[in-house]
Amino acid sequence: MTDAINIRIEHSFTSISPANWNRLAGASKASTSVPYNPFLSHAYLSALEESGSATAETGWLGQHLLMEDADGFLRGALACYMKSHSQGEYVFDHGWADAFERAGGRYYPKLQSSVPFTPVTGPRLLTTEGRDPRPVRDALAAGLKELARRHGVSSAHVTFVPADEMPAFERAGFLHRTDQQFHFTNEGYGSYDDFLETLASRKRKALKKERRTAVENGITIDWLTGGDLTEAIWDQFFAFYMDTGGRKWGRPYLTRSFYSLIGERMADDILLVMAKRGGRYIAGAINFIGGDALYGRHWGCIEDHPFLHFEVCYHQAIDFAIAKGLKRVEAGAQGEHKLARGYMPVTTHSAHFITHPGLARAVADYLERERRDVEETSEFLAEHGPFRKGER
């Protein structure tokens, strides 16, 4: 098959058929072998572009690789961007950029394969179900490397890669990087109380107290999804996002129209956990509902209350996952504070191709040490989780 394929570049998702894109593994609710991943859907990726959140003007120029056979049938794809900065990626390479530029190199632009502003592991080398994925994966990984060379850029990066895709990148000469996130695993719990029973007594009492404290002062919690997601609700949530995002990042990444677009296109894939006090919403967190997981993304508030962030972002997500029978909750990047709330360390992976031999050697040495540190830290944290000994 690889003798009769062609890889071409598209700069915009408006030029890519939604049906063709969503047919690929991991991007379709109809998939029988790969759980639905909302972030790989055409609806989500095109909303980032059409809303002005991820565009050439904001430093995300589309360089999407489409792999077609001789009949023009889409066999594989890789979402990719030409980046003029390293913002919104959650796998930090600022130190590499600084070192290279101090040595007289030019780090930017670079190629970045990821879902913008979304630190969620999911298929990157998209392939057609029912076929051996290796030839397509190898061709796409090699194609990304060739694209980097043709553009004359310093590097190509693929972040939050599933472990089973890493061999294709390594065969193509990419370096392997690891990091850590914290995920909650639903062990078939019938309720949140069932989950609490697996914790050490002291941890269980602390979480019960934390949850009671969070909703003092007359705070109630609503789950909003589907038809609940009106423009008025999005107005309120966007105010939370702008307030918190402005303080955390300086300039929030997502525009108001992004929320309207995802509300129009994928409302049933979205859960807003909204906190109300005195008849108005004061805080909220956005989650995306996958085939087997709930993905927590970002939150915001206009009032500060003790432990409300933990309730809205972490405890309520566990409640929802248990109620809906989802296997896990992925609560975003970093955050060792999640450990005490039942979110355990999970290793994440990324792949990096560095065109300059000297920088590549330096980065490879650094990554070897970093992988050991990540492994040791994960083992330490897992040993100090909140569960009773023998429960996990």
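Attention in this report is confined to the structure presented alongside it. Since the structure is predicted, the reported quantities are computational estimates derived from the model, not experimental observations. (Residues numbered from 1 in each chain as written. Predicted model: local features only at pLDDT ≥ 70, side-chain atom pairs only at ≥ 80, totals over all residues. Heavy atoms only, no water.)

Quick word on the packing of helix α7 (residues 201-214) against helix α10 (residues 308-324)
Relative to each other, α7 and α10 sit at 115°, their axes nearing to 9 Å. For the pair α7 and α10, the sense of crossing is left-handed. In contact with L207, E210, R211 and A214 of α7, α10 contributes L308, F310, E311, H315, Q316 and D319. (Axes fitted to C-alpha atoms, helices over the stretch in contact; angles between N-to-C directions. Helix = DSSP H or I, 4+ residues; strand = E, 2+ residues; numbered from the N terminus. Left-handed = near helix turned anticlockwise from the far one by under 90°. Contact = heavy atoms within 4.5 Å.)

Section: the sheet that holds strand β3 (residues 64-69)
Across the sheet, which stays open at both edges, the four strands sit in the order β1-β3-β4-β7 with antiparallel pairing between neighbours. Among the strands making up the open sheet, the edge pair consists of β1 (5-10) and β7 (126-127). Lying over the sheet, helix α4 (residues 134-151) contacts β1, β3, β4 (74-78) and β7, oriented at roughly 135° with respect to β3. (Pairing = 2+ DSSP bridges.)

Description of the sheet that holds strand β5 (residues 81-83)
In space, the eleven strands of this open sheet follow the order β2-β5-β6-β8-β15-β9-β14-β13-β12-β11-β10, with mixed pairing throughout. The sheet terminates laterally at β2 (60-62) and β10 (220-224), the two strands that pair on one side only. Each adjacent strand pair in this sheet contributes to an overall mean axis angle of 30°, direction not counted. In this structure, strand β11 (residues 270-277) lies alongside strand β12 (residues 280-289), joined through eight bridges in antiparallel fashion. Residue pairing in the sheet places A275 in a bridge with A283 of β12.

Considering the nonpolar core
Side chains that are nonpolar tend, in soluble globular proteins, to be buried together. In terms of nonpolar packing, the biggest core is built from 50 residues, with Y259 and I262 touching the most fellow members. Every element with two or more residues in this core is listed here: α2 (42-50), β4, α8 (231-249), α9 (256-265), β11, β12 and β13 (293-301). Top contributing element to this core by residue count: α8, with six residues. Among all residues touching Y259, those that are not within four sequence positions of it are W234, F237, F238, Y241, L254, I286 and H298. L207, I282, L308 and A317 belong to the second-largest nonpolar core, a separate cluster that totals 37 residues. (Core = buried A, V, L, I, M, F, W, Y, C linked by side-chain atoms within 4.5 Å. Buried < 20%, exposed > 50% of the residue type's maximum accessible area, 1.4 Å probe, protein only.)

Overview of unusual backbone geometry
With an omega dihedral of 5°, the bond running from Y108 to P109 counts as a cis peptide bond. Within the element layout of this structure, P109 appears in the loop between α3 (94-102) and β6 (110-113). With a phi angle near 65°, N217 is a residue other than glycine that sits in the positive phi range. Topologically, N217 is positioned in the loop between α7 and β10.

Considerations on the packing of α2 against α9
At a minimum axis separation of 9 Å, α2 and α9 run at an interaxial angle of 155°. Regarding the angle of α2 to α9, the classification is roughly antiparallel. Here α2 runs over α9; the crossing is right-handed. Residues A43, Y44, S46, A47, L48 and E50 of α2 pack against F258, L261, I262 and R265 of α9. Residues belonging to the contact of α2 with α9 are distributed by class as follows: seven nonpolar, one polar and two charged. (Parallel < 35°, antiparallel > 145°, perpendicular 65-115°, else oblique. Nonpolar A, V, L, I, M, F, W, Y, C, P; charged D, E, K, R; others polar.)

A word on the side chain of Q63
Tracing the sequence through the fold places Q63 in the loop between β2 and β3. The exposure class of Q63 is buried, given its relative accessible area of 3%.

Re the side chain of K83
When you line up the elements, K83 lands in strand β5. Residue class for K83 comes out buried when judged on its relative accessible area of 0%. Within the structure, the side chain of K83 is placed 3.3 Å from the backbone oxygen of H85, a separation counted as a polar contact. At a separation of 2.5 Å, a polar atom in the side chain of K83 contacts the side chain of E89. Contact partners of K83, with chain neighbours within four places excluded, come to G59, W60, E89, Y108, P109, K110 and Q112. (Polar contact = N/O pair within 3.5 Å; in protein donor to acceptor, adjacent residues only side chain to side chain.)

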